[in-house]
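Summary of structural features
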Amino acid sequence: MLPVTRINATTDDLAAIQAQLESMARQMPAMVQGMTAVLETSVPVSLAGYLSAVRSSGMKVVGVSGALLEADAAGLGLPVLPADTGAAKPARGAAQTASVPQSAAPETVPAPAPAARTSSRLIADPIRGGQQIYARGADLTITHQVGAGAEVVADGNIHIYGRLAGRAIAGADGDTQARIFCRRFEPELVAIAGVYAVAEQLHGEWLGKPAQVFLQDGTLKVERLD
Amino acid sequence: MTKIVVVTSGKGGVGKTTTSASFATGLAQRGKKVAVIDFDVGLRNLDLIMGCERRVVFDFVNVIQGEASLRQALIKDKTFPNLHILAASQTRDKEALTPEGVEKVLNDLRSEGFDYVVCDSPAGIERGAHLAMYFADEALVVTNPEVSSVRDSDRVLGLLASKTRRVERNEARIKEHLVLTRYNPARVLKGEMLSLEDVTEILAIPVLGVIPESTAVLNSSNAGTPVITLPDADAGQAYDDLVSRFLGEDRPLRFTTVEKKGLFSKWLGG
(Lines give C-alpha, C1' and ligand atoms only; values in the text may rest on other atoms or scores of the structure.)
Protein backbone atom coordinates (compact mmCIF):
# COMPACT_ATOMS: atom_id res chain seq x y z
CA MET A 1 0.00 0.00 0.00
CA LEU A 2 1.25 3.45 -0.94
CA PRO A 3 1.99 5.61 2.07
CA VAL A 4 0.33 9.02 1.84
CA THR A 5 1.26 12.08 3.86
CA ARG A 6 -1.39 14.63 4.73
CA ILE A 7 -0.24 18.23 4.69
CA ASN A 8 -2.35 20.71 6.61
CA ALA A 9 -1.89 24.43 5.99
CA THR A 10 -2.33 26.48 9.16
CA THR A 11 -1.63 29.79 7.41
CA ASP A 12 -2.51 31.41 4.09
CA ASP A 13 1.02 32.84 3.87
CA LEU A 14 2.31 30.94 0.84
CA ALA A 15 5.86 32.13 1.35
CA ALA A 16 5.86 30.69 4.88
CA ILE A 17 4.46 27.40 3.62
CA GLN A 18 7.11 27.23 0.94
CA ALA A 19 9.89 28.10 3.38
CA GLN A 20 8.86 25.37 5.79
CA LEU A 21 8.60 22.76 3.05
CA GLU A 22 11.98 23.76 1.69
CA SER A 23 13.60 23.44 5.08
CA MET A 24 12.01 20.01 5.49
CA ALA A 25 13.25 18.99 2.05
CA ARG A 26 16.75 20.10 2.99
CA GLN A 27 16.76 18.08 6.19
CA MET A 28 15.22 14.94 4.75
CA PRO A 29 15.75 15.06 0.99
CA ALA A 30 15.29 11.32 0.52
CA MET A 31 12.00 11.38 2.38
CA VAL A 32 10.48 14.48 0.78
CA GLN A 33 11.45 13.71 -2.83
CA GLY A 34 8.52 11.94 -4.44
CA MET A 35 6.54 11.78 -1.20
CA THR A 36 2.85 11.34 -2.02
CA ALA A 37 0.77 14.00 -0.33
CA VAL A 38 -2.85 14.99 0.19
CA LEU A 39 -3.44 18.68 0.82
CA GLU A 40 -5.63 19.94 3.63
CA THR A 41 -6.05 23.34 5.17
CA SER A 42 -7.44 24.91 8.33
CA VAL A 43 -7.64 28.41 6.82
CA PRO A 44 -8.84 29.64 3.42
CA VAL A 45 -5.86 29.56 1.08
CA SER A 46 -5.29 29.81 -2.67
CA LEU A 47 -5.10 26.20 -3.82
CA ALA A 48 -3.05 27.03 -6.92
CA GLY A 49 -0.33 28.72 -4.85
CA TYR A 50 -0.45 26.06 -2.12
CA LEU A 51 -0.14 23.35 -4.76
CA SER A 52 2.86 24.89 -6.47
CA ALA A 53 4.62 25.42 -3.13
CA VAL A 54 4.20 21.75 -2.25
CA ARG A 55 5.16 20.57 -5.72
CA SER A 56 8.30 22.70 -5.78
CA SER A 57 9.54 20.84 -2.70
CA GLY A 58 9.50 17.64 -4.75
CA MET A 59 6.35 16.04 -3.30
CA LYS A 60 3.69 14.49 -5.50
CA VAL A 61 0.20 15.75 -4.75
CA VAL A 62 -2.43 13.10 -5.32
CA GLY A 63 -5.50 14.99 -4.13
CA VAL A 64 -7.08 17.39 -1.68
CA SER A 65 -9.32 16.92 1.28
CA GLY A 66 -11.70 19.23 3.15
CA ALA A 67 -14.39 21.73 2.22
CA LEU A 68 -12.03 24.70 2.02
CA LEU A 69 -10.14 23.23 -0.94
CA GLU A 70 -12.95 21.26 -2.57
CA ALA A 71 -14.22 24.12 -4.73
CA ASP A 72 -10.88 24.89 -6.40
CA ALA A 73 -9.83 21.25 -6.77
CA ALA A 74 -12.06 20.50 -9.75
CA GLY A 75 -10.62 23.40 -11.74
CA LEU A 76 -7.09 22.07 -11.15
CA GLY A 77 -8.02 18.51 -11.98
CA LEU A 78 -7.35 17.17 -8.47
CA PRO A 79 -9.53 14.50 -6.86
CA VAL A 80 -11.21 15.24 -3.54
CA LEU A 81 -10.45 12.56 -0.98
CA PRO A 82 -12.21 11.81 2.31
CA ALA A 83 -10.78 13.21 5.53
CA ASP A 84 -8.46 11.01 7.59
CA THR A 85 -10.59 9.45 10.29
CA GLY A 86 -7.63 7.77 11.93
CA ALA A 87 -9.32 4.38 11.73
CA ALA A 88 -7.77 3.38 8.46
CA LYS A 89 -4.23 2.87 9.77
CA PRO A 90 -2.97 -0.12 7.84
CA ALA A 91 -1.80 -3.14 9.72
CA ARG A 92 1.89 -2.66 9.13
CA GLY A 93 4.14 -4.94 11.08
CA ALA A 94 1.50 -7.61 11.17
CA ALA A 95 4.06 -10.34 10.78
CA GLN A 96 6.00 -8.87 13.67
CA THR A 97 3.16 -8.79 16.16
CA ALA A 98 2.08 -12.25 15.18
CA SER A 99 5.38 -13.73 16.29
CA VAL A 100 5.33 -11.90 19.61
CA PRO A 101 3.11 -13.59 22.20
CA GLN A 102 0.30 -11.15 22.86
CA SER A 103 -2.12 -12.96 25.12
CA ALA A 104 -3.15 -9.71 26.74
CA ALA A 105 -4.38 -8.18 23.50
CA PRO A 106 -7.99 -7.10 23.75
CA GLU A 107 -10.46 -9.42 22.05
CA THR A 108 -12.12 -6.62 20.12
CA VAL A 109 -9.07 -5.80 18.01
CA PRO A 110 -9.67 -7.23 14.57
CA ALA A 111 -7.01 -9.53 13.22
CA PRO A 112 -4.62 -7.43 11.18
CA ALA A 113 -4.74 -7.90 7.44
CA PRO A 114 -1.82 -10.10 6.40
CA ALA A 115 1.32 -8.34 5.19
CA ALA A 116 0.13 -5.13 3.62
CA ARG A 117 3.75 -4.15 3.08
CA THR A 118 5.70 -6.33 0.74
CA SER A 119 8.72 -4.22 -0.02
CA SER A 120 11.97 -4.08 1.87
CA ARG A 121 15.30 -2.49 1.21
CA LEU A 122 18.69 -4.14 1.64
CA ILE A 123 21.98 -2.31 2.04
CA ALA A 124 25.25 -4.22 2.18
CA ASP A 125 27.67 -1.30 2.55
CA PRO A 126 28.62 0.58 5.69
CA ILE A 127 26.48 3.69 6.24
CA ARG A 128 28.93 6.51 6.93
CA GLY A 129 28.62 9.69 8.95
CA GLY A 130 26.60 12.25 7.01
CA GLN A 131 24.73 9.67 4.96
CA GLN A 132 20.98 9.38 5.21
CA ILE A 133 19.01 6.36 4.09
CA TYR A 134 15.22 6.32 3.93
CA ALA A 135 13.24 3.19 3.16
CA ARG A 136 9.85 4.51 2.16
CA GLY A 137 6.96 2.26 3.07
CA ALA A 138 9.38 -0.57 3.71
CA ASP A 139 11.59 -2.41 6.14
CA LEU A 140 15.28 -1.62 6.03
CA THR A 141 17.95 -4.29 6.41
CA ILE A 142 21.60 -3.33 6.69
CA THR A 143 24.18 -6.11 6.69
CA HIS A 144 26.93 -3.72 7.75
CA GLN A 145 27.38 -1.01 10.34
CA VAL A 146 25.69 2.36 10.74
CA GLY A 147 28.46 4.81 11.67
CA ALA A 148 28.33 7.74 14.05
CA GLY A 149 26.63 10.69 12.38
CA ALA A 150 24.72 8.49 9.92
CA GLU A 151 20.93 8.30 9.89
CA VAL A 152 18.81 5.36 8.79
CA VAL A 153 15.06 5.83 8.52
CA ALA A 154 12.34 3.36 7.59
CA ASP A 155 8.57 3.40 7.64
CA GLY A 156 8.79 -0.20 8.81
CA ASN A 157 11.33 -2.10 10.91
CA ILE A 158 15.09 -1.59 10.83
CA HIS A 159 17.45 -4.55 11.04
CA ILE A 160 21.15 -3.86 11.42
CA TYR A 161 23.50 -6.85 11.33
CA GLY A 162 26.38 -4.80 12.66
CA ARG A 163 27.04 -1.88 14.92
CA LEU A 164 24.46 0.87 15.29
CA ALA A 165 26.49 3.96 16.21
CA GLY A 166 24.35 6.54 14.40
CA ARG A 167 20.64 7.31 14.42
CA ALA A 168 17.90 4.82 13.64
CA ILE A 169 14.30 5.90 13.11
CA ALA A 170 11.72 3.18 12.56
CA GLY A 171 8.03 3.61 11.94
CA ALA A 172 8.76 7.01 10.44
CA ASP A 173 5.24 7.40 9.10
CA GLY A 174 3.68 6.59 12.45
CA ASP A 175 3.72 2.81 12.75
CA THR A 176 3.91 2.16 16.50
CA GLN A 177 4.51 -1.56 15.87
CA ALA A 178 7.81 -0.97 14.11
CA ARG A 179 11.00 -2.12 15.81
CA ILE A 180 14.74 -1.62 15.57
CA PHE A 181 17.08 -4.58 15.82
CA CYS A 182 20.86 -4.45 15.86
CA ARG A 183 23.85 -6.63 16.63
CA ARG A 184 25.69 -3.96 18.60
CA PHE A 185 23.67 -1.25 20.26
CA GLU A 186 25.61 2.04 20.58
CA PRO A 187 23.21 4.50 18.99
CA GLU A 188 23.23 8.28 19.05
CA LEU A 189 19.47 8.26 18.85
CA VAL A 190 16.67 5.77 18.32
CA ALA A 191 13.08 6.64 17.51
CA ILE A 192 9.90 4.73 16.77
CA ALA A 193 6.81 6.50 15.45
CA GLY A 194 8.14 9.83 16.70
CA VAL A 195 9.04 8.68 20.23
CA TYR A 196 12.77 9.08 20.60
CA ALA A 197 15.63 8.68 23.02
CA VAL A 198 19.19 10.01 22.75
CA ALA A 199 22.41 8.29 23.72
CA GLU A 200 22.46 9.81 27.20
CA GLN A 201 19.15 8.19 28.05
CA LEU A 202 20.27 4.86 26.66
CA HIS A 203 22.99 3.84 29.10
CA GLY A 204 22.28 0.37 30.26
CA GLU A 205 23.30 -3.24 30.28
CA TRP A 206 22.39 -3.50 26.58
CA LEU A 207 25.03 -0.99 25.47
CA GLY A 208 27.34 -2.64 22.96
CA LYS A 209 25.18 -5.77 22.97
CA PRO A 210 22.64 -7.16 20.53
CA ALA A 211 19.39 -5.37 21.28
CA GLN A 212 15.95 -4.47 20.01
CA VAL A 213 13.94 -1.31 20.51
CA PHE A 214 10.15 -1.17 20.51
CA LEU A 215 7.25 0.90 21.79
CA GLN A 216 5.26 -0.25 24.78
CA ASP A 217 2.39 1.92 25.99
CA GLY A 218 3.93 4.88 24.21
CA THR A 219 7.38 4.48 25.82
CA LEU A 220 10.54 3.22 24.18
CA LYS A 221 11.82 -0.09 25.51
CA VAL A 222 15.23 -1.59 24.87
CA GLU A 223 15.78 -5.30 25.32
CA ARG A 224 18.82 -7.53 25.03
CA LEU A 225 18.51 -9.97 22.17
CA ASP A 226 20.89 -12.70 23.28
CA MET B 1 46.28 3.32 -18.24
CA THR B 2 46.50 6.25 -15.85
CA LYS B 3 45.34 5.69 -12.30
CA ILE B 4 44.08 8.64 -10.32
CA VAL B 5 44.65 8.35 -6.58
CA VAL B 6 43.21 10.89 -4.14
CA VAL B 7 44.81 11.42 -0.75
CA THR B 8 42.07 12.70 1.52
CA SER B 9 40.96 12.80 5.16
CA GLY B 10 38.34 15.39 5.99
CA LYS B 11 40.27 16.68 8.96
CA GLY B 12 43.26 18.95 8.51
CA GLY B 13 46.77 18.40 9.80
CA VAL B 14 46.63 14.61 9.80
CA GLY B 15 49.32 14.09 7.16
CA LYS B 16 47.65 14.26 3.74
CA THR B 17 50.38 16.29 2.10
CA THR B 18 53.17 14.31 3.81
CA THR B 19 51.51 11.13 2.57
CA SER B 20 50.97 12.51 -0.96
CA ALA B 21 54.61 13.53 -1.21
CA SER B 22 56.02 10.23 0.05
CA PHE B 23 53.51 8.13 -1.88
CA ALA B 24 54.20 9.91 -5.17
CA THR B 25 57.95 9.77 -4.58
CA GLY B 26 57.76 6.06 -3.69
CA LEU B 27 55.91 5.30 -6.93
CA ALA B 28 58.50 7.30 -8.86
CA GLN B 29 61.35 5.43 -7.10
CA ARG B 30 59.83 2.27 -8.56
CA GLY B 31 60.01 3.67 -12.07
CA LYS B 32 56.42 4.87 -12.46
CA LYS B 33 55.66 8.12 -14.22
CA VAL B 34 53.89 10.16 -11.57
CA ALA B 35 52.28 13.57 -11.28
CA VAL B 36 51.22 14.92 -7.89
CA ILE B 37 48.73 17.78 -7.79
CA ASP B 38 48.11 20.15 -4.88
CA PHE B 39 44.35 20.84 -4.74
CA ASP B 40 44.64 23.16 -1.75
CA VAL B 41 44.18 26.40 -3.66
CA GLY B 42 45.12 29.36 -1.48
CA LEU B 43 47.11 27.32 1.04
CA ARG B 44 49.74 25.60 -1.04
CA ASN B 45 52.09 23.31 0.90
CA LEU B 46 53.01 20.40 -1.32
CA ASP B 47 55.75 22.33 -3.11
CA LEU B 48 57.44 22.99 0.26
CA ILE B 49 57.38 19.35 1.28
CA MET B 50 58.61 18.30 -2.16
CA GLY B 51 61.34 20.95 -1.95
CA CYS B 52 60.45 22.71 -5.17
CA GLU B 53 58.90 25.90 -3.82
CA ARG B 54 61.53 28.09 -5.43
CA ARG B 55 60.86 26.70 -8.88
CA VAL B 56 57.11 27.37 -9.07
CA VAL B 57 56.36 29.58 -12.04
CA PHE B 58 52.89 28.50 -13.08
CA ASP B 59 50.34 26.61 -11.02
CA PHE B 60 47.24 24.42 -11.27
CA VAL B 61 44.86 27.38 -11.58
CA ASN B 62 46.98 28.94 -14.35
CA VAL B 63 46.58 25.71 -16.32
CA ILE B 64 42.84 25.47 -15.65
CA GLN B 65 42.32 29.04 -16.80
CA GLY B 66 44.47 28.60 -19.89
CA GLU B 67 47.16 31.04 -18.79
CA ALA B 68 49.86 28.39 -19.02
CA SER B 69 50.22 24.99 -20.64
CA LEU B 70 50.37 21.85 -18.54
CA ARG B 71 53.98 21.26 -19.61
CA GLN B 72 54.96 24.73 -18.48
CA ALA B 73 53.38 24.26 -15.08
CA LEU B 74 54.61 20.75 -14.27
CA ILE B 75 57.74 20.95 -12.11
CA LYS B 76 60.17 18.10 -12.61
CA ASP B 77 61.59 16.63 -9.41
CA LYS B 78 65.36 17.01 -9.05
CA THR B 79 66.02 13.45 -7.89
CA PHE B 80 63.41 11.54 -9.90
CA PRO B 81 62.91 12.90 -13.43
CA ASN B 82 59.73 10.78 -13.82
CA LEU B 83 58.09 12.63 -10.90
CA HIS B 84 56.25 15.87 -11.59
CA ILE B 85 54.60 18.36 -9.26
CA LEU B 86 51.70 20.66 -10.08
CA ALA B 87 51.59 23.33 -7.39
CA ALA B 88 48.46 24.98 -6.05
CA SER B 89 47.89 28.66 -6.54
CA GLN B 90 48.68 30.73 -3.50
CA THR B 91 46.91 33.85 -4.73
CA ARG B 92 43.63 32.68 -6.24
CA ASP B 93 40.62 31.55 -4.32
CA LYS B 94 38.96 28.15 -4.33
CA GLU B 95 36.31 29.20 -6.86
CA ALA B 96 39.00 29.05 -9.53
CA LEU B 97 38.78 25.24 -9.52
CA THR B 98 36.08 24.03 -11.90
CA PRO B 99 35.03 20.45 -12.65
CA GLU B 100 35.63 20.99 -16.37
CA GLY B 101 39.07 22.48 -15.72
CA VAL B 102 40.14 19.67 -13.41
CA GLU B 103 38.86 17.06 -15.82
CA LYS B 104 40.79 18.62 -18.68
CA VAL B 105 44.06 18.66 -16.72
CA LEU B 106 43.56 15.01 -15.71
CA ASN B 107 42.78 14.03 -19.31
CA ASP B 108 45.89 15.85 -20.52
CA LEU B 109 47.99 13.96 -17.94
CA ARG B 110 46.42 10.75 -19.24
CA SER B 111 47.42 11.50 -22.80
CA GLU B 112 50.92 12.41 -21.61
CA GLY B 113 51.24 8.80 -20.48
CA PHE B 114 51.39 9.24 -16.72
CA ASP B 115 51.00 6.01 -14.75
CA TYR B 116 49.70 7.68 -11.59
CA VAL B 117 48.19 11.03 -10.77
CA VAL B 118 48.18 11.69 -7.02
CA CYS B 119 45.62 14.31 -5.94
CA ASP B 120 46.52 15.92 -2.63
CA SER B 121 43.15 17.00 -1.25
CA PRO B 122 42.62 20.02 0.99
CA ALA B 123 40.99 19.51 4.38
CA GLY B 124 37.24 19.79 4.66
CA ILE B 125 34.51 18.60 2.33
CA GLU B 126 34.13 21.73 0.23
CA ARG B 127 34.81 22.30 -3.45
CA GLY B 128 38.56 21.59 -3.44
CA ALA B 129 38.16 18.33 -1.55
CA HIS B 130 35.18 17.35 -3.68
CA LEU B 131 37.03 17.93 -6.94
CA ALA B 132 40.14 16.14 -5.67
CA MET B 133 38.11 12.97 -5.08
CA TYR B 134 35.55 13.29 -7.86
CA PHE B 135 37.63 11.73 -10.66
CA ALA B 136 39.56 9.26 -8.49
CA ASP B 137 40.01 5.54 -9.09
CA GLU B 138 41.51 4.82 -5.69
CA ALA B 139 41.64 6.71 -2.41
CA LEU B 140 44.12 6.86 0.44
CA VAL B 141 42.16 7.94 3.51
CA VAL B 142 44.61 9.43 5.99
CA THR B 143 43.56 9.17 9.61
CA ASN B 144 45.12 9.89 12.99
CA PRO B 145 44.33 7.52 15.86
CA GLU B 146 41.90 9.87 17.57
CA VAL B 147 38.11 10.08 17.50
CA SER B 148 37.55 13.34 15.62
CA SER B 149 39.90 12.33 12.82
CA VAL B 150 38.23 8.93 12.55
CA ARG B 151 34.78 10.48 12.43
CA ASP B 152 35.83 12.90 9.67
CA SER B 153 37.38 10.04 7.71
CA ASP B 154 34.12 8.13 8.03
CA ARG B 155 32.31 11.14 6.58
CA VAL B 156 34.78 11.31 3.70
CA LEU B 157 34.33 7.59 3.01
CA GLY B 158 30.61 8.29 2.74
CA LEU B 159 31.32 10.95 0.13
CA LEU B 160 33.66 8.61 -1.75
CA ALA B 161 30.80 6.13 -1.90
CA SER B 162 28.26 8.66 -3.14
CA LYS B 163 29.69 11.83 -4.68
CA THR B 164 32.18 10.69 -7.28
CA ARG B 165 32.14 10.17 -11.01
CA ARG B 166 32.48 6.41 -10.66
CA VAL B 167 29.27 6.33 -8.64
CA GLU B 168 27.46 8.63 -11.06
CA ARG B 169 28.52 6.45 -13.98
CA ASN B 170 27.66 3.23 -12.14
CA GLU B 171 31.24 2.00 -12.46
CA ALA B 172 33.07 -0.16 -9.93
CA ARG B 173 33.40 1.73 -6.67
CA ILE B 174 36.54 3.59 -5.67
CA LYS B 175 39.07 1.33 -3.96
CA GLU B 176 39.61 2.72 -0.46
CA HIS B 177 42.78 2.31 1.59
CA LEU B 178 43.36 3.33 5.18
CA VAL B 179 46.59 5.12 6.05
CA LEU B 180 46.94 5.51 9.79
CA THR B 181 49.48 8.20 10.58
CA ARG B 182 51.12 9.46 13.80
CA TYR B 183 50.71 6.02 15.34
CA ASN B 184 52.41 5.56 18.67
CA PRO B 185 51.98 2.05 20.11
CA ALA B 186 53.22 3.13 23.54
CA ARG B 187 50.52 5.77 23.76
CA VAL B 188 47.94 3.29 22.52
CA LEU B 189 48.87 1.03 25.45
CA LYS B 190 48.40 3.93 27.83
CA GLY B 191 44.96 4.56 26.35
CA GLU B 192 45.90 7.96 24.94
CA MET B 193 45.29 6.91 21.35
CA LEU B 194 42.87 4.66 19.52
CA SER B 195 44.41 1.37 18.48
CA LEU B 196 44.76 0.19 14.91
CA GLU B 197 42.02 -2.35 15.63
CA ASP B 198 39.65 0.35 16.94
CA VAL B 199 40.15 2.46 13.85
CA THR B 200 39.75 -0.38 11.35
CA GLU B 201 36.65 -1.56 13.14
CA ILE B 202 34.99 1.84 12.88
CA LEU B 203 36.06 2.61 9.33
CA ALA B 204 35.77 -0.94 7.97
CA ILE B 205 38.29 -0.53 5.13
CA PRO B 206 41.60 -2.37 4.60
CA VAL B 207 44.81 -0.91 6.03
CA LEU B 208 47.43 0.09 3.50
CA GLY B 209 49.94 1.43 5.97
CA VAL B 210 50.60 2.51 9.53
CA ILE B 211 53.05 5.39 9.83
CA PRO B 212 54.65 5.81 13.25
CA GLU B 213 54.73 9.13 15.05
CA SER B 214 58.22 10.33 14.25
CA THR B 215 60.38 13.42 14.43
CA ALA B 216 61.75 12.44 11.03
CA VAL B 217 58.47 13.54 9.43
CA LEU B 218 58.75 17.09 10.73
CA ASN B 219 62.46 17.31 9.94
CA SER B 220 62.05 16.06 6.40
CA SER B 221 59.12 18.41 5.80
CA ASN B 222 61.22 21.33 6.92
CA ALA B 223 64.06 20.17 4.72
CA GLY B 224 61.82 19.70 1.69
CA THR B 225 62.65 16.03 1.21
CA PRO B 226 59.79 13.52 1.39
CA VAL B 227 60.38 11.25 4.39
CA ILE B 228 60.28 8.14 2.19
CA THR B 229 63.71 9.13 0.81
CA LEU B 230 65.24 8.69 4.28
CA PRO B 231 65.88 4.93 4.53
CA ASP B 232 66.96 5.15 8.18
CA ALA B 233 63.78 6.86 9.39
CA ASP B 234 61.02 4.59 10.74
CA ALA B 235 58.34 6.70 9.05
CA GLY B 236 60.28 6.52 5.78
CA GLN B 237 60.40 2.73 5.97
CA ALA B 238 56.69 2.61 6.78
CA TYR B 239 55.90 4.69 3.68
CA ASP B 240 58.17 2.44 1.63
CA ASP B 241 56.15 -0.59 2.81
CA LEU B 242 52.95 1.29 2.02
CA VAL B 243 53.93 1.96 -1.60
CA SER B 244 55.01 -1.66 -2.09
CA ARG B 245 51.71 -2.88 -0.67
CA PHE B 246 49.84 -0.50 -2.95
CA LEU B 247 51.59 -2.12 -5.91
CA GLY B 248 50.56 -5.56 -4.74
CA GLU B 249 53.57 -6.72 -2.73
CA ASP B 250 52.89 -8.53 0.53
CA ARG B 251 54.67 -6.78 3.38
CA PRO B 252 53.79 -7.26 7.04
CA LEU B 253 52.82 -4.22 9.10
CA ARG B 254 55.64 -2.76 11.17
CA PHE B 255 55.81 -0.21 13.98
CA THR B 256 52.42 -1.26 15.36
CA THR B 257 53.67 -2.79 18.61
CA VAL B 258 55.83 -1.42 21.37
CA GLU B 259 59.45 -2.39 20.83
CA LYS B 260 61.14 -3.83 23.89
CA LYS B 261 64.25 -1.91 24.62
CA GLY B 262 67.40 -4.03 24.68
CA LEU B 263 69.91 -3.93 27.50
CA PHE B 264 72.34 -1.90 25.47
CA SER B 265 69.94 0.83 24.50
CA LYS B 266 68.93 1.10 28.17
CA TRP B 267 72.52 1.65 29.18
CA LEU B 268 73.03 4.09 26.39
CA GLY B 269 69.91 5.97 27.36
CA GLY B 270 68.25 5.12 24.03
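Analysis parameters
Residues numbered from 1 in each chain as written. Chains lettered and ligands numbered in written order. Predicted model: local features only at pLDDT ≥ 70, side-chain atom pairs only at ≥ 80, totals over all residues. Heavy atoms only, no water. Helix = DSSP H or I, 4+ residues; strand = E, 2+ residues; numbered from the N terminus. Buried < 20%, exposed > 50% of the residue type's maximum accessible area, 1.4 Å probe, protein only. Contact = heavy atoms within 4.5 Å. Areas by Shrake-Rupley, 256 points an atom, 1.4 Å probe, with all protein chains shown as cover. Phe/Tyr/Trp six-rings, centres within 6.5 Å; stacked < 30°, edge-to-face > 60°. Pairing = 2+ DSSP bridges. Axes fitted to C-alpha atoms, helices over the stretch in contact; angles between N-to-C directions. Polar contact = N/O pair within 3.5 Å; in protein donor to acceptor, adjacent residues only side chain to side chain. Domains from an automatic or database assignment. Buried area = accessible area lost by both parts, 1.4 Å probe. Salt bridge = Lys/Arg side-chain N within 4 Å of Asp/Glu carboxyl O. Disulfide = S-S within 2.5 Å. pLDDT = per-residue confidence, 0-100. Expected span 1.5 Å × (residues − 1). Nonpolar A, V, L, I, M, F, W, Y, C, P; charged D, E, K, R; others polar. Parallel < 35°, antiparallel > 145°, perpendicular 65-115°, else oblique. Left-handed = near helix turned anticlockwise from the far one by under 90°.

Right, let's get into the overall build of chain A. Of regular secondary structure, chain A possesses 5 helices and 14 strands. Taking all 226 residues of chain A together, the buried fraction comes to 43%. In chain A, once contacts between residues fewer than 6 apart in sequence are set aside, the share between residues at least 24 apart is 38%. Here chain A has roughly 11500 Å² of accessible surface; of this, 55% comes from carbon and sulfur atoms.

Residues and elements named next belong to chain B. Per the counting criterion, the structure on display carries 4 aromatic pairs over all chains. Ring centres of Phe-39 and Phe-60 lie 5.0 Å apart, and the angle between their planes is 70°; this geometry places the pair in the edge-to-face category. One end of the pair, Phe-39, is in the loop between strand S2 (34-38) and helix H2 (46-49); the other, Phe-60, is in helix H3 (residues 60-64), with 21 residues separating them in the sequence. Judged by relative accessible area, Phe-60 falls into the buried class, the value being 0%.

Turning our eyes to something else, we now look at the sheet that holds strand S7 (residues 175-183) of chain B. Residues and elements named next belong to chain B. As summarised here, the arrangement of the 8 strands in space is S3-S4-S2-S5-S1-S6-S7-S8, forming an open sheet in which the pairing is mixed. The sheet is open, and its two borders are formed by strand S3 (75-76) and strand S8 (207-212), each paired with just one other strand. In this structure, S7 lies alongside S8, joined through 4 bridges in parallel fashion. Looking at S8, one finds that Leu-178 is bridged to Val-207. Against the sheet, helix H1 (residues 16-29) contacts strand S1 (3-8), S2, strand S4 (83-86), strand S5 (116-120), strand S6 (138-143) and S7, and its axis sits at roughly 170° relative to S5. Those strands touched by helix H5 (residues 99-111) are S1, S2, S4 and S5, and its axis lies near 165° from that of S2.

Here we come to the side chain of Arg-163 of chain A. Mapped onto the elements, Arg-163 of chain A comes out in strand S8 (residues 158-164). Within polar-contact distance, the side chain of Arg-163 of chain A engages the side chain of Glu-186 of chain A at 3.4 Å. Apart from residues lying up to four places away in sequence, Arg-163 of chain A is in contact with Gln-145, Val-146, Arg-184 and Glu-186 of chain A together with Glu-201 and Ile-202 of chain B.

Quick look at the sheet that holds strand S3 (residues 60-64) of chain A now. All names here are of chain A. The 3 strands are arranged S1-S2-S3 in an open sheet whose pairing can be described as parallel. On the outer flanks of this sheet lie strand S1 (5-9) and S3, each paired with one strand and no other. Within this sheet the neighbouring strands show an average axis-to-axis angle of 35°, counted without direction. Where S1 meets strand S2 (residues 36-41), 5 bridges bridge the pair, whose relative direction is parallel. Residue pairing for S2: Ala-9 is matched across the bridge by Thr-41. Each of S1, S2 and S3 touches helix H3 (residues 47-56); the most contacted strand, S2, lies at about 145° to it. Taken strand by strand, helix H4 (residues 67-75) contacts S2 and S3, and its axis lies near 120° from that of S2.

This brings us to the domain arrangement of chain A. Residue and element names in this part refer to chain A. Here chain A is described as being made up of domain 1 (5-83) and domain 2 (102-224). Relative to domain 2, the C-alpha centre of domain 1 lies at a distance of 29 Å. Facing 8 residues of domain 1, the contacting portion of domain 2 comprises 6 residues. Surface buried jointly by domain 1 and domain 2 totals about 500 Å² across both partners, of which 54% is contributed by carbon and sulfur atoms. Looking only at domain 1, the three residues that lose the most surface to domain 2 are Met-28, Ala-30 and Met-31, adding up to 77% of its buried area. Where domain 1 meets domain 2, there are 0 salt bridges. On the surface where domain 1 and domain 2 come into contact, there are 0 residue pairs in polar contact (both at pLDDT 80 or more).

A covalent bond between the sulfur atoms of two cysteines is what we call a disulfide. Tallied over the full model, the rule gives 0 disulfides over all chains. Left unpaired, Cys-52 of chain B is separated from the closest cysteine sulfur, that of Cys-119 of chain B, by 16 Å.

What follows deals with the confidence of the model for chain B. Overall, the prediction assigns chain B a mean pLDDT of 93, with 96% of residues at 70 or greater. The ipTM, which scores confidence in the relative placement of chains, is 0.74 for this predicted complex, and the corresponding pTM is 0.74.

We now examine helix H7 (residues 147-160) of chain B. Residue and element names in this part refer to chain B. Helix length check: H7 (14 residues) gives 20 Å between terminal C-alpha atoms against 20 Å at 1.5 Å per residue, within 8%. Taken as a whole, H7 has its buried residues at Ser-149, Val-150, Ser-153, Asp-154, Val-156, Leu-157, Gly-158, Leu-159 and Leu-160. Here the buried face of H7 lies against S1, helix H6 (127-134), S6, helix H8 (165-168), S7 and helix H10 (196-203).

This part covers the interface of chain A and chain B. Interface size is commonly expressed as the accessible surface area that is lost when the partners come together. The partner chain B presents 13 residues to the 12 residues of chain A that form the contact. Interface of chain A and chain B: buried area, both sides summed, is about 910 Å²; carbon and sulfur atoms make up 35% of it. Residue Asp-154 of chain B pairs with Arg-128 of chain A through a salt bridge whose shortest N-O separation is 3.2 Å. Looking at the side of chain A that touches chain B residue by residue, the class counts come to 1 nonpolar, 6 polar and 5 charged.

All names here are of chain B. Packing of H1 against helix H12 (residues 234-246) leaves a shortest axis separation of 9 Å and a crossing angle of 60°. In terms of axis orientation, H1 runs oblique to H12. In this structure, H1 crosses over H12, and the sense of that crossing is right-handed. On H12, the residues touching Thr-18, Thr-19, Ser-22, Phe-23, Gly-26, Leu-27 and Gln-29 of H1 are Tyr-239, Asp-240, Leu-242, Val-243 and Phe-246. Its residues assigned to classes, the contact of H1 with H12 shows 6 nonpolar, 5 polar and 1 charged.

Take the environment of Ile-158 of chain A next. All names here are of chain A. Checked against the element boundaries, Ile-158 lands in strand S8. Of the residues examined, Ile-158 reaches a relative accessible area of 0% and is grouped as buried. Considered as a pair, Ile-158 and Ser-120 are 38 residues apart in the sequence and their alpha carbons are 9.8 Å apart.

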